[in-house]
Amino acid sequence: MAQKRIGTRARNAAAPAADPGVAAVSQSRIGTWALVGGLALLTVLVVLLDATTGHDLRVVPLLVVVPALASVYCSLRQTIWVAVWITTVVVGFRAGADGTFWDFVFGIGFAVLACALGVAACAARIRHAAEMARLRSAAVILQRQILRPLPVTTGHVLAHGLYVPIEEDRFVGGDIYEVVESPYGTRVIIGDVQGKGLAAIGAGFAAIAAFREAAIREATLTGVVGALEDAVVRHNAFSAQTGEAERFVTALVLGFDGGGRVETVNCGHLPPFLLHDGRARAVRLRQAYVPLGLAGLSREARAAESFDFPPGATLLVVTDGVTEARDAAGAFYPLGDRAGGWAAHGPQELLDALHVDLEGFSGGVRRDDIAALALRRAPVEAGRRPAGPGAVPLVPGPAVPAPAAPAPGGDGLITTP
């Protein structure tokens, strides 16, 4: 018996916890006591109205619509309870009313059928909502497993991140980011795949996989971008063969080599913001090239350019889920105006402030995924190399410290379910 109890406990401990999304859709939107009070009041009012109208107009049978209404807002257990109550009231009314035997049979049969349909509708609603919740949860978990947990520290940059998926089953999106330490410095990408859904996630994953390899292999940033272009084109070719739509990816690729400047190639993405000396300004890039996957439509070859990145400065890069967020009047989020107030913040505090302010501005209504990276130059320690599996030693120059441990109380990546 003891062994049996131990085995049962082990199975229970190993069983996965219930999906919070599935549990949420199974819960009632109406409190039990509020439902009881409202149902009792409605029953009394309908019975009094029926007594007032007399035999000319019978109102009590109309109560059979109540279970159908309850199926929209109540849990399955509450809907069953409402159906039983309404059936009891209607049966009692029919038993005391005048009429033929068949009037009684058809009246009771109609009440039972209507209440049963209400219960069935509630069960179908909860089952469909649970399936959608599981689909959303699986897609979001898949995306979070692919995107690197932040913060991460390399020999050149400290990167903190904010990622907020839109959390709709057909709008699980394609915002991507990655930070890779290579023999040629630290390479960073942030991007946004055209469209939404699982197909967009597939294109984003193709771009991330190509970036992780090319960032270490390619000596130049334009070489990295060329490899990304080829990967997106190949993915689109495969998508066309399977009947899916071709997609492009806007991306901002950055290179940090330990100096005072940052190299970048902008493939149709938003420019970065530089926060320094109590001010915030958008970095003016000379050229924004076509997004990844569309190079065949342009005769202009992509080229890298650089800009100053002074010590103590923070570089903020975002996707259009931030800049295209709207308030109740339809106005776009003024990132440039708001960022100036956070210029003295550290990277994590900056992203915390951005997240809170963005939620307040939009009223919690998200129309797109939100991704943002806050990058700051990292102090260099001599005599260190990259840590972890597959680490590549740096070329002569400042060596790389091991990644810093996340701060207590979280991993530094802000996500909302």
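Structure's up top.
As the structure is a prediction and not an experimental result, all values here were calculated from the model. (Residues numbered from 1 in each chain as written. Predicted model: local features only at pLDDT ≥ 70, side-chain atom pairs only at ≥ 80, totals over all residues. Heavy atoms only, no water.)

### Some words on the overall build of the protein chain
Phase 1: When helices and strands are counted, the protein chain shows 11 helices and 12 strands.
Phase 2: Within the protein chain, the fraction of its 417 residues that count as buried is 42%.
Phase 3: Just so you have it, the protein chain exposes about 21300 Å², and 61% of that area is on carbon and sulfur atoms. (Helix = DSSP H or I, 4+ residues; strand = E, 2+ residues; numbered from the N terminus. Buried < 20%, exposed > 50% of the residue type's maximum accessible area, 1.4 Å probe, protein only. Areas by Shrake-Rupley, 256 points an atom, 1.4 Å probe, with all protein chains shown as cover.)

### As for the pairing of strand β11 (residues 370-377)
Phase 1: A large share of β11 lies buried, amounting to 6 of its 8 residues.
Phase 2: Inspection of the sheet shows strand β2 (residues 157-164) paired to β11 by 8 bridges, in the antiparallel sense. Bridged to Val164 within β11 is Ile370.
Phase 3: Across 5 bridges, the pairing between strand β10 (residues 314-318) and β11 is antiparallel. Looking at the pairing, Leu315 lines up with Leu375 of β11. (Pairing = 2+ DSSP bridges.)

### Section: the packing of helix α7 (residues 198-217) against helix α8 (residues 221-241)
Phase 1: Viewed as axis vectors pointing N to C, α7 and α8 meet at an angle of 150°, and their least axial separation amounts to 8 Å. Taken together, α7 and α8 sit at an angle that is classed as roughly antiparallel. The two elements α7 and α8 meet at a crossing, and its hand is right-handed. Taken together, the residues of α8 that come into contact with α7 (itself represented by Ala199, Gly202, Ala203, Ala206, Ala207, Ala210, Phe211, Ala214, Ala215 and Arg217) are Val224, Ala227, Leu228, Ala231, Val232 and His235.
Phase 2: Looking at the contact of α7 with α8 residue by residue, the class counts come to 13 nonpolar, 2 polar and 1 charged. (Axes fitted to C-alpha atoms, helices over the stretch in contact; angles between N-to-C directions. Parallel < 35°, antiparallel > 145°, perpendicular 65-115°, else oblique. Left-handed = near helix turned anticlockwise from the far one by under 90°. Contact = heavy atoms within 4.5 Å. Nonpolar A, V, L, I, M, F, W, Y, C, P; charged D, E, K, R; others polar.)

### A look at a nonpolar patch on the surface
Phase 1: On the surface, Leu76, Ile80 and Val84 cluster together to form a nonpolar patch covering roughly 230 Å² of accessible area.
Phase 2: Within the secondary structure layout, Val84 lies in helix α5 (residues 76-96). (Patch = residues over 30% accessible without salt bridge, like charges linked within 9 Å, V, L, I, M, F, W, Y side chains within 5 Å. Salt bridge = Lys/Arg side-chain N within 4 Å of Asp/Glu carboxyl O.)

### Notes on helix α4 (residues 66-73)
Phase 1: Listed as buried for α4 are Val66, Pro67, Ala70 and Ser71. Each buried residue of α4 sits inside an arc of 140° when the element is viewed along its axis, so together they form one side. (Arc of directions from axis to C-beta.)

### Digging into the sheet that holds strand β3 (residues 175-182)
Phase 1: Taken in spatial order, the 5 strands line up as β3-β4-β5-β6-β9 in an open sheet, and their pairing is antiparallel. Two strands bound the open sheet, and with one partner strand each, they are β3 and β9 (305-308). Sheet twist, expressed as the mean angle between neighbouring strand axes with direction ignored, is 20°.
Phase 2: Here 5 bridges tie strand β5 (residues 249-256) to strand β6 (residues 261-267), and the two strands are oriented antiparallel to one another. Pairing of Leu254 across the sheet is with Thr264, part of β6.
Phase 3: Seen against the sheet, α7 touches β3, β4 (185-193) and β5 and runs at an angle of roughly 10° to β3.

### Here's the deal with the pattern of salt bridges
Phase 1: This structure, assessed with the given rule, holds 8 salt bridges.
Phase 2: Linking Arg261 and Asp308 is a salt bridge whose minimum nitrogen-to-oxygen distance equals 2.5 Å. One end of the pair, Arg261, is in strand β6; the other, Asp308, is in strand β9, with 47 residues separating them in the sequence.
Phase 3: For the salt bridge of Arg338 with Asp357, the shortest nitrogen-to-oxygen distance reads 2.7 Å.

### As for the side chain of Ser182
Phase 1: As for its placement among the helices and strands, Ser182 is situated in strand β3.
Phase 2: A polar atom in the side chain of Ser182 sits 2.8 Å from the backbone oxygen of Gly185.
Phase 3: Of the polar contacts made by the side chain of Ser182, one reaches the backbone oxygen of Ala215; its length is 3.3 Å. (Polar contact = N/O pair within 3.5 Å; in protein donor to acceptor, adjacent residues only side chain to side chain.)

### Description of the packing of aromatic side chains
Aromatic ring pairs: the centre-centre distance and the angle between the two ring planes describe each pair.
Phase 1: Counting across every chain of the model gives 2 aromatic pairs.
Phase 2: Summarising the aromatic geometry, the rings of Tyr333 and Phe361 are spaced 5.2 Å apart at their centres and angled 75° between planes, so their arrangement reads as edge-to-face. Of the two residues, Tyr333 is situated in the loop between α9 (320-323) and α10 (335-339) and Phe361 in helix α11 (residues 347-362); the sequence distance between them amounts to 28 residues. Phe361 carries the same exposure label as Tyr333, and that label is buried. (Phe/Tyr/Trp six-rings, centres within 6.5 Å; stacked < 30°, edge-to-face > 60°.)

### Section: unusual backbone geometry
Phase 1: A cis amide bond links Leu150 to the next residue, Pro151, at an omega of 10°.
Phase 2: You can see Pro151 is positioned in the loop between α6 (101-146) and β1 (152-153).
Phase 3: The backbone phi angle of Asp277 is positive, close to 55°, even though this residue is not glycine.
Phase 4: By the element assignment, Asp277 lies in the loop between β7 (273-276) and β8 (279-282).

### Brief notes about α8
Phase 1: Helix length check: α8 (21 residues) gives 31 Å between terminal C-alpha atoms against 30 Å at 1.5 Å per residue, within 8%.
Phase 2: For α8, the complete set of buried residues consists of Leu221, Gly223, Val224, Val225, Ala227, Leu228, Glu229, Ala231, Val232, His235, Asn236 and Ser239.
Phase 3: Residues of α8 that are buried sit in contact with β4, α7, β5 and β6.
Phase 4: Immediately downstream of α8, the backbone of Gly243 shows phi near 85°, a positive value. (Expected span 1.5 Å × (residues − 1).)

### Observations concerning the nonpolar core
Phase 1: If you look at the biggest cluster of nonpolar residues, it comprises 51 residues, and the most contacted ones within it are Leu254, Phe256, Leu315 and Leu375.
Phase 2: The biggest single contributor to this core is α7, with 8 residues.
Phase 3: For Phe256, the contacting residues outside a window of four places in its chain are His156, Val157, Gly185, Thr186, Val188, Val262, Phe309, Leu315 and Leu375.
Phase 4: Counting residues in each nonpolar core, the second largest holds 22 residues, with Leu275, Val322, Tyr333 and Leu351 among its members. (Core = buried A, V, L, I, M, F, W, Y, C linked by side-chain atoms within 4.5 Å.)

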